[in-house]
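Here's the letter readout for the chains.
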Amino acid sequence: MNGWMILWTATLVVGVVGFIGLLLTVSLGAFGELRLMLEELREDTRESAEHPEVLDEAT
Amino acid sequence: MSLYDTNFTGWDWGIVVVYLAASIVIGLWANRYVGNLSDYLLAGRTLRIRLALATMTGTELGLVTVMYSAELGFLQQYASLYLALYEAAFLLIIGLSGFVVYRLRQTAVLTIPEFYERRYSRGVRVVGGSMMVISGVLNMGLFLKAGAQFLTAISGLQDPLYLKLIMTGLLLLVLFYTVLGGMVSVVITDLVQFVVLGIGMLVVTWFVVSHIGFDGFQDVVTVHDGYVDPTSGVNPTKPNVPAAGIGGGTMLQMAVVLFSALMLWPAGASRTLAVKSSEVAQQLYLYSTIPFLARRALPVLWGIGAFAFFKMNPELLSAFQSEVAASANGEGTGISSLSATPLFLAKIIPTGILGLVTAGMVAAFMSTHDSYLLCWSGVVTQDIVAPLFGPLSQRQRIFSTRISIIVIGAMLLVWGLWYETKANLWEYMATTGTVYLAGVLPVVVGGLYWKRSATAGAYVALLGGVTGVLAMGPAVNWMNLKLASGQVSFHIENWHMVLTTFTISSLGFVVVSLLFPQQTVPSSHQPKETT
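Considerations on the overall build of chain B
Check the secondary structure of chain B and you find 22 helices and zero strands. In summary, chain B has a C-alpha radius of gyration of 23 Å against a globular reference of 24 Å for 531 residues, a match within 12%. With the C-alpha coordinates aligned to their principal axes, the bounding extent of chain B is approximately 70 × 65 × 40 Å. Within chain B, the fraction of its 531 residues that count as buried is 64%. Here the contacts in chain B between residues at least 6 apart in sequence split such that 84% fall between residues at least 24 apart. Carbon together with sulfur atoms contributes 67% to the accessible area of chain B, which is approximately 18,600 Å² in total. Treating the 27 positive side-chain charges of chain B as one cloud and the 24 negative ones as another, the clouds have centres 16 Å apart.

Things to note about the pattern of salt bridges
All names here are of chain B. According to the stated counting rule, one finds six salt bridges over all chains in the structure shown. Arg 118 is paired through a salt bridge with Glu 114; the nearest N and O atoms lie 3.6 Å apart. Taken together, the residues span about one helical turn, with Arg 118 and Glu 114 both in helix 7 (residues 112-119) at a distance of four residues. There is no split in this pair, since Arg 118 and Glu 114 are both buried. Among the salt bridges present, the one from Arg 122 reaches Glu 117, with a minimum N-O distance of 3.0 Å.

Side note on the nonpolar core
All names here are of chain B. If you look at the biggest cluster of nonpolar residues, it comprises 195 residues, and the most contacted ones within it are Ile 112, Trp 302, Phe 310 and Val 444. Tallying contributions element by element places helix 10 (residues 160-222) first for this core, with 27 residues. When sequence neighbours within four positions are dropped, the list of residues in contact with Trp 302 reads Val 66, Met 201, Val 204, Thr 205, Val 208, Thr 341, Phe 344, Leu 345 and Met 361.

A closer look at the side chain of Ser 69 of chain B
Relative to the helices and strands, Ser 69 of chain B resides in helix 4 (residues 63-76). Beyond its immediate chain neighbours, meaning those up to four positions away, Ser 69 of chain B contacts Arg 295, Arg 296, Pro 299 and Val 300 of chain B.

Some words on the packing of aromatic side chains
All names here are of chain B. A complete count under the given rule lists 18 aromatic pairs over all chains for this structure. For the ring pair Phe 309 and Phe 310, a centre distance of 5.7 Å and an interplane angle of 80° mean the geometry is edge-to-face. Take Phe 309 and Phe 310: they sit in the same class, and that class is buried. Put simply, the rings of Phe 74, Phe 307, Phe 309, Phe 310, Phe 320 and Phe 344 touch in pairs and so form one group of aromatic residues. Between Arg 119 and the ring centre of Tyr 120, over which it is positioned, the NZ or CZ distance is 5.5 Å.

Some thoughts on unusual backbone geometry
All names here are of chain B. Phi angles above zero are rare outside glycine, and Val 100 is one such case at about 70°. Position of Val 100 relative to the elements: it lies in the loop between helix 5 (82-97) and helix 6 (101-106). Owing to a relative accessible area of 0%, Val 100 belongs among the buried residues under this scheme. Although it is not a glycine, Asp 225 sits at a positive phi angle of roughly 55°. Its place among the elements puts Asp 225 in the loop between helix 10 and helix 11 (247-264).

Observations regarding helix 20 (residues 455-464) of chain B
For helix 20 of chain B, the full list of buried residues reads Thr 455, Gly 457, Ala 458, Ala 461, Leu 462 and Gly 464 of chain B. On its buried face, helix 20 of chain B is in contact with helix 7, helix 8 (122-140), helix 19 (425-449) and helix 22 (494-515) of chain B.

Some words on a nonpolar patch on the surface
All names here are of chain B. Side chains of Leu 507, Val 510, Val 511, Leu 514, Leu 515 and Phe 516 sit close together on the surface and give an oily, nonpolar patch of about 560 Å² of accessible area. When you line up the elements, Val 510 lands in helix 22. Accessibility expressed as a relative area gives 35% for Val 510, which makes it partly exposed.

A closer look at the packing of helix 1 (residues 3-50) of chain A against helix 3 (residues 49-60) of chain B
Relative orientation of the contacting elements helix 1 of chain A and helix 3 of chain B amounts to 115°, with a least axis distance of 7 Å. The angle between helix 1 of chain A and helix 3 of chain B falls in the class roughly perpendicular. The chirality of how helix 1 of chain A crosses helix 3 of chain B is left-handed. Here Leu 22, Thr 25, Val 26, Gly 29, Ala 30, Glu 33, Leu 34 and Met 37 of chain A of helix 1 of chain A come into contact with helix 3 of chain B, specifically with Ile 49, Arg 50, Leu 51, Leu 53 and Ala 54 of chain B.

Re the interface of chain B and chain A
Each side of the interface is counted separately: chain B has 56 residues, and chain A has 40 residues. For the pair chain B and chain A, the summed buried area comes to about 4,100 Å², and 75% of that belongs to carbon and sulfur atoms. In terms of surface lost to chain A, no three residues of chain B exceed Tyr 33, Arg 48 and Arg 50 of chain B, which account for 15% of the buried area on that side. Summed over the shared surface of chain B and chain A, the result is zero salt bridges. Our count for the chain B to chain A interface comes out at five residue pairs in polar contact (both at pLDDT 80 or more). Of the residues in the side of chain B that touches chain A, the class split is 38 nonpolar, 10 polar and eight charged.

Overview of the environment of Ala 430 of chain B
Residues and elements named next belong to chain B. Relative to the assigned elements, Ala 430 resides in helix 19. A relative accessible area of 1% means that Ala 430 is categorised as buried. When the C-alpha atoms of Ala 430 and Ser 393 are compared, they prove to be 37 Å apart, with 37 residues separating the residues in sequence. Contacts of Ala 430, omitting those with residues within four sequence positions, involve Gln 253, Met 254 and Val 257.

Quick notes on the rules
- Residues numbered from 1 in each chain as written.
- Chains lettered and ligands numbered in written order.
- Predicted model: local features only at pLDDT ≥ 70, side-chain atom pairs only at ≥ 80, totals over all residues.
- Heavy atoms only, no water.
- Helix = DSSP H or I, 4+ residues; strand = E, 2+ residues; numbered from the N terminus.
- Rg over C-alpha atoms; globule rule 2.2 N^0.38 Å.
- Buried < 20%, exposed > 50% of the residue type's maximum accessible area, 1.4 Å probe, protein only.
- Contact = heavy atoms within 4.5 Å.
- Areas by Shrake-Rupley, 256 points an atom, 1.4 Å probe, with all protein chains shown as cover.
- Lys, Arg positive; Asp, Glu negative; His and termini not counted.
- Charge placed at Lys NZ, Arg CZ, Asp CG, Glu CD.
- Salt bridge = Lys/Arg side-chain N within 4 Å of Asp/Glu carboxyl O.
- Core = buried A, V, L, I, M, F, W, Y, C linked by side-chain atoms within 4.5 Å.
- Phe/Tyr/Trp six-rings, centres within 6.5 Å; stacked < 30°, edge-to-face > 60°.
- Lys NZ or Arg CZ within 6 Å of the ring centre and 35° of its normal.
- Patch = residues over 30% accessible without salt bridge, like charges linked within 9 Å, V, L, I, M, F, W, Y side chains within 5 Å.
- Axes fitted to C-alpha atoms, helices over the stretch in contact; angles between N-to-C directions.
- Parallel < 35°, antiparallel > 145°, perpendicular 65-115°, else oblique.
- Left-handed = near helix turned anticlockwise from the far one by under 90°.
- Buried area = accessible area lost by both parts, 1.4 Å probe.
- Polar contact = N/O pair within 3.5 Å; in protein donor to acceptor, adjacent residues only side chain to side chain.
- Nonpolar A, V, L, I, M, F, W, Y, C, P; charged D, E, K, R; others polar.

Pasting the structure below:
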């Protein structure tokens, strides 16, 4: 196996193994972060509902 | 076994339809979380690192990425993996240094052209926004066709009419939930799509490796004389076709294009601007190294598998080559080298699992389209319509963005239906991307790091990017014909024109900035981070 093939094999192995790790890490934490995001956005929608005139102010 | 044999059945269609229906429900549901313009365009800048990673990966790991990477794997085998290494290395550099992305997030702008106005002038913002939209729509022009070719090839549908119907249907679906929920819809669907797509990619990789085997992948080099060394301009599978090779010039071109795109491609930059802080923006780039490596490497592996598969089945290879040749003459079923990998996957992945994989690929298709549509439409509203016809209220801006999404969607449909490219898909995308990237690179980098950057230089750099259209296939062919008729032996390649465009824009920016210095530096260009 020449140098190029060693490099490409390593690239493929790191790509596959790294992607498995990333998929697990992100999937386990991202849904909790999504919940936090929606809570923060709910605050925005509440503010907009209480002060709809802000949405009509031209800037 | 015939070319269009597939394991795709009614069960698989059912799985795909259920998945698509779920996306519509998410779009409707997300609409309730849009309170103001920032929510609609940037999900209220509430993204934390994992969610940002999921949505960044979902956006940048589109079906079009899968298709062009697999196509490169099929055409250039292992040598095409240099692009995966480039992306990983560049992201590592950006992630460790924070180059551009840290300071850009500090400015707290909603879009890159908004930065132009703060640093240069309103006119630069309008010109820069227009260039961004033109380049972006051109760049997206073949997304629909690539997606439809995947679906038709994997499901065995041969009628070109299906291609058009599928393109239209998928686009309408994406338009529906993006128009309704904006970035909130996009983030939620991206997360689901990230999981579905991620599992799908690993499943496909498993079946490809199982079917071809390690010996089969070795045979690509030892028996079938596959392409391994990208620095060589000669592709051993097509030694008489110069355009089939890579070589040092193309590698240099791709290094410049990719480095610029990773920092400043608007859809990626919108994630930089949507995260909670500059630190998260920098982390996002560092951690994106792995998914960006995978988004190239895995589909290339499938493409190499398709190459090995067709070499092992010469009768199929012959049928495939005949179909591609007939399609190029407008007589076949419309397939091209893009279809090689999905045709291969349709034969090796069993029924049921094929439906899940297809749902994953449809997820990839939608997660890219929704982000891109929202991104360009946001630029149309914020950086073209509002500066020219404003002031506008937040409600009017959201309405304008929704209209822009629909208009751009219609343009994509028309462009995708009639434009035929002779280049491979990645080359087309790199070329159209140059129109925007060549200008934005000096204007943003200079604006952030060089005090003498000036408005006149910014105009020259942005407009200099237009020369990038000369790198498109028809323009290069025309110039070569002119050279040949003038008895000039020099042959222009695509990469000559791409690098020339970057040089014109960057040099023009520096020289004109020095010749026509800024009289007053806008006070608002100083970094002022907000969350």
